[in-house]
Amino acid sequence: MAASTTARRSVRSGVLRGYVFGVVVASQSLAYASTYKTARSRTALAAIFGHNAGLAAINGQAYDLTTTAGFTAWKCLMFLALAGSVWGLLLATRLVRGEEEAGRFELLAVGPTTRRRATAETLAGLGAGPFVLWAITAAVTIAVGHSSKVRIGPGAALYFALALALPALVFAGVGAVTSELAPTRRQASSWAGLVLGASYAVRMVADSSNGTVWLRWLSPLGWAEELHPLYAPDPLALVPLVALAGLLAGAAVVLSGRRDIGTGVLAGREGRAGSGRLLGSAGALALRLQRSTLAVWAGGIGLGALLLGSIATDGGKLVATSSTLRNDLSRIGATGPGATQYLSITFVLVALLVAFLAAGEAAGLRAEEASGRLEPLVVAPVSRSRWLAGRVAIAAGSVLACGVLAGALTFLGSVASHARLGAGPLLEAGLNIVPPALCVFGAGVLALGLVPRAVAPAAYGLVAWSFLAELLGAALHSNRLLLDLSLFHQMAPAPAAAPDWTSAGVMVGLALAAVLVGGAAFRRRDLAGA
Amino acid sequence: MSERKESDVQPAIRTGRLTKHYGAVKALRDLDLEVKEGEVIGYLGPNGAGKSTTIRLLLDLVRPTSGRAEVFGLDCQRQPVEVHRRLAYVPGESALWPSLTGREILHLLGRVHGSVDDAYRDELVERFSFDPSRRARAYSHGNRQKLMLIAAFMTRADLLVLDEPTNGLDPLMEQEFRRCVHEARARGQTVFLSSHILSEVEALCDRVGILREGVLVEMGTLSELRHLTALSVEATFDGEAPDVSGVPGVTAVERAGRTLRCQVQGPVDPLLQAIAGMGVRELVSREPSLEELFLAHYGPQAAPPDPARAI
C-alpha cells in the first residue's frame, strides 16, 4: 500500500526528469555533431578543453573529445549526475520526511504492519523514480543515437543512463537516511545536501590533478565517472554504487524502527528561542521566512558566476577555433573577443537560474494561500493588495540583486583569469537577465489571480519551455520560430552584444501588466484555503 | 461624552439577503441577520449548513453572489481593512508558520492587527497555561487553538468572530474560554459564536440562530425558541397506562406497561384533564433542551427549509 502511493509520485517525478535529461543529452550530442564536423576542429577542441584543470574540476576528466560519444559523456555526465543526485535526495526527503510531517505516514504505520515494514515499502516505491529516470533517459538517448551523426548504440545508451540514474538512487538513499535522523524536512534536505556537496567537492579535487585521481573512489559521483560510459565502459564501479544504495536503504529501515514518529533520531534542536526579528508587518514576515532560501540562491548564483568568469579565457579560445560556433553566435548578434562570446552563452544559464528563482517566488504565493497561512494576515487589517505588493517587491528585488551579483562576480572571476573584460558590459549583462525572470514571475501572478491551481505549472513551465526551446533551437540550428518562443532568446546575447533595452523594456512592461491584471483578479476572487 | 441616539447606533453585524453559490451548490440563501452591539450570538447548524460560509463572507475571504454584509455600518466587501480593524477572528483550524515560536506569532499578529492589550495578553497566556516559547510545529492542536484564542482576545476587538473556537480544548480550558467571553461581554464587546457544543451556546449566548442548508430557520432567545417545540411529559400509573392519542396537542405517544411518554404542543390542560383520576403515581415534565430543539429541525421528519418562511 505504501509502496504504490509512493511509487506513483516517485514515478511521476522521474518521468519528467527522464525526458529533460534525455533532451539535454540529445541536444548536446547533436550540437557537437553539427558544430564540430571536421576532424581538425574536433582535435582543436580536445586540445583546448581536454587538459584544462578548471573544466575538469567542474565537468570531470575529458577522455576523448574527438567523438560525439566521448564529448557527450564529458559534457553531460557530471552535470546530469549532479542534477539527478539533487533530485534524488529532494524526492526522498519529500516522500519520507515530508509525508510524515503532513501526518500521512502515521496513517500507514498504524495499520497492520510494523514501522520498519512501512518504511521499507515506502523506500521500495521511492526506488521506482530513479528506475523510471534510467528507462526514459536511455530511451531518448537510443532514439538520438540512431542518427548517423551521433551513433550511440542501444547498449551504450543503457549503460550511460545507468551512470546517470545510479547516483540519483544513491542520494535518494542518503535522503532517506537523513529523513530518519533529522527532525524536520528542511534539516533532512540540508544534511543530505551537505553530503552531496562534500561528494562533489572530493570528486572535484580528484579531477583537478593527476596525483589525486585515487580520490575519485571516495565519492559516489567519482564512481559514476569511473564507469566511463560511452567510450570505454568499465562496470567495476557499478558494485560500490549499487552496494551503497542498498546499504543506505537498509540503514534507513533499521533507523525507522528506533525513533518516535514525528521526530528524528537526532532530534532536540527545538529548544532555541526565536530571534524575534522581522515580525513587524506582513512584508517583514515574508522577508524573514525567505531569507535563508534567498541567501542560498544568491550564494549559488554568485559562486556559479565566479567559476564561469574564471574559465572565460579558455572558453574564448574554443570559440576562436570553431567557425560554426562563431557563425551561430554572429547570427544572434554576438560579436567581440572570444571570451565575451563564450560568456554570452553562459549568461543564458545564469538567466535560467534566476528565472527558476522567480518561478519559485511565484509558486510560494500560491503555497501560502493554499496552506492557509495567508488567512490570519488577510483577516487582519492587511489588504490583499498590500500583501501582494510586498511579495512582488521582494521577488523583483531578489531577481535584480541576483542579476547584479552575477554580473559583478563574473567580472571578478574573469579578473582572476586575466581575461581583461570590462566591468560595465558584464554588469549590463547581469541586468539583462532580469527581464525574462520578471516575466516568469508576472506569469505566475497572472495565474494566481485567474487560475490559482496553475501558478506553479505556469511559472515553472514557462522557464522549462524557454530553456528547452533555446536548447533545441540551438542544436537544430534551423528553427528560428522555435528560438523565438524562448524568453531567453528575446534578450540580447550580452555581454557579446549591447543589451537590447527596447525588448528588455517590453518584457518588463509585460511583466508589470501581468502583475496588475493578476493582482486585480486576485483581489476579486474567493480565497481558497487549506 | 455625548449620548448616542438609538438611531445612530450601528448594529455590529447586518446582512441583507446575503447569498453565496459555489457553482450549483447553494451554500447560503438570502441571509438576513442582525446582531446588535454588545450581544453574544450563537450560530448553530450541522456541517455544510453554511456557518463557515457566513463567517468567510463577513471576513471578505469569499465574495457574495448577491446581497451585502456590514459590520458596524462598514461594507465588508468594500471596506475590508476598516472592518478587520474592528474585529478579531478565531478559526476552527489554523495553519501557523512552523518555524516561528508562539511568542513571535503573538507579536506578529498583534503588530499586524494594530491594537494589543499587552497586560491582558500576558494574563491570558497564564490563564490558558500556554507555553509561548515553543515553535509552532511542536504545538498540538489544542495548543494551536489556545494561541489563536489568546491572539483574538488580546486585541480587545469590538467584534469577536469565533468559528468552533474550543475545538480540541480540554474542559478546564473551555471554562477559561467561557470566562473570557463573559469578560468581553462585560466590556461591551460583541461576540459571534459558531459552535457545535450546544451546552456552550446555551450557557453563553443571548440569542441563537439555527442555520439549515443555507437558510436561517430560527433566530431568537432560548425562551422564545422553546415555545416553538413541545413539552416532554412522562407519567407512571398504578395500573395500565391509558391511551391519550386523541387528546388535542398530544403527539408521539409511547406506552410501555405502566409508563406513558408523550409530547405536548400548546396548553397542557387537555392532557392533564384526560389523565386525572386514572391513578397517576409520578408525573415529570421537561422543557426541551437546545439539543432537542436543534434535532427537531434536523430530524428525518422535519420539513426542508424554505427561504421565504425563514426569519
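Residues numbered from 1 in each chain as written. Chains lettered and ligands numbered in written order. Predicted model: local features only at pLDDT ≥ 70, side-chain atom pairs only at ≥ 80, totals over all residues.

Engineer: Please set out the overall build of chain A residue by residue, giving values where relevant.
Structural biologist: Along its length, chain A carries 22 helices and 0 strands. Relative to its full complement of 530 residues, chain A shows a buried share of 52%. Taking contacts inside chain A between residues at least 6 apart in sequence as the whole, the part at least 24 apart equals 76%. (Helix = DSSP H or I, 4+ residues; strand = E, 2+ residues; numbered from the N terminus. Buried ≥ 20, exposed ≤ 12 C-beta atoms within 10 Å, placed from the backbone. Contact = placed C-beta atoms within 7 Å.)

Engineer: Hey, could you go over the pairing of strand β2 (residues 25-35) of chain B for me, with residue numbers and the actual values?
Structural biologist: All names here are of chain B. Where strand β1 (residues 13-22) and β2 come together, 7 bridges link them in antiparallel fashion. In the strand pairing of β2, His-21 is matched with Lys-26. Where β1 hands over to β2, the hairpin turn is made up of 2 residues, of which Gly-23 adopts a positive phi near 65°. (Pairing = 2+ DSSP bridges.)

Engineer: I'd like to hear about the confidence of the model for chain A, residue by residue, with values.
Structural biologist: If pLDDT is low for a region, its predicted coordinates should not be looked at in detail. Residues at a pLDDT of 70 or more form 89% of chain A, whose mean pLDDT is 83. Mean pLDDT per element in chain A: helix α13 (residues 323-331) of chain A is the minimum at 66, and helix α18 (residues 434-450) of chain A is the maximum at 95. (pLDDT = per-residue confidence, 0-100.)

Engineer: Account for the nonpolar core, naming residues and giving values.
Structural biologist: Residues and elements named next belong to chain B. Among the nonpolar cores identified, the biggest contains 84 residues, and Leu-58, Ile-150, Ala-152, Leu-160, Val-161, Phe-192 and Leu-193 are the most heavily contacted of them. With 7 residues, helix α5 (residues 141-153) is the single largest residue contributor to this core. Not counting the four nearest positions on each side in its chain, Leu-193 is found in contact with Val-40, Ile-41, Gly-42, Tyr-43, Leu-162, Val-201, Leu-204 and Cys-205. (Core = buried A, V, L, I, M, F, W, Y, C linked by C-beta atoms within 7 Å.)

Engineer: Describe the interface of chain A and chain B, and please don't skip the residues or the numbers.
Structural biologist: Contacts between chain A and chain B engage 26 residues on the former and 28 residues on the latter. Sorting elements by how many residues they give to the side of chain A that touches chain B places helix α15 (residues 375-379) of chain A first, with 5 residues. Across the side of chain A that touches chain B, the residue classes tally to 14 nonpolar, 7 polar and 5 charged. (Nonpolar A, V, L, I, M, F, W, Y, C, P; charged D, E, K, R; others polar.)

Engineer: Can you lay out the pairing of strand β10 (residues 215-221) of chain B for me, pointing to particular residues and giving the numbers?
Structural biologist: Here strand β9 (residues 207-212) of chain B runs beside β10 of chain B; their pairing, made up of 6 bridges, is antiparallel. For Leu-211 of chain B, the partnering residue across the bridge sits in β10 of chain B and is Leu-216 of chain B.

Engineer: Residues and numbers for the packing of helix α16 (residues 384-416) of chain A against helix α22 (residues 501-524) of chain A, please.
Structural biologist: Residues and elements named next belong to chain A. It is the contact of α16 with α22, at a shortest axis distance of 10 Å, that shows an interaxial angle of 145°. In this structure, the crossing between α16 and α22 has a hand that is right-handed. Taking contact as the criterion, the partners of Arg-384, Ser-385, Leu-388 and Val-392 in α16 are, on α22, Val-515, Gly-519, Phe-522 and Arg-523. In terms of residue class, the contact of α16 with α22 is made up of 4 nonpolar, 2 polar and 2 charged. (Axes fitted to C-alpha atoms, helices over the stretch in contact; angles between N-to-C directions. Left-handed = near helix turned anticlockwise from the far one by under 90°.)

Engineer: Can you explain the sheet that holds β10 of chain B? Please cite residues and give values.
Structural biologist: Across a sheet, paired strands are connected by hydrogen bonds in the backbone, their directions being either parallel or antiparallel. Residues and elements named next belong to chain B. Taken in spatial order, the 6 strands make up an open sheet running β6-β7-β8-β3-β9-β10, and their pairing is mixed. Unpaired on one side and paired on the other, β6 (87-90) and β10 mark the two borders of the sheet. In this sheet, adjacent strand axes meet at a mean angle of 15° when their direction is disregarded. Packed onto the sheet, helix α1 (residues 51-58) meets β3 (40-44), β7 (159-163), β8 (190-194) and β9 and runs at close to 145° relative to β7.

Engineer: I'd like to hear about the confidence of the model for chain B, residue by residue, with values.
Structural biologist: All names here are of chain B. In this model, chain B carries a mean pLDDT of 87, and residues with pLDDT of at least 70 account for 91%. Element-level mean pLDDT values for chain B span from 70 in helix α10 (residues 290-298) up to 96 in β8. What the predictor reports for the complex is a pTM of 0.75 with an ipTM of 0.79.

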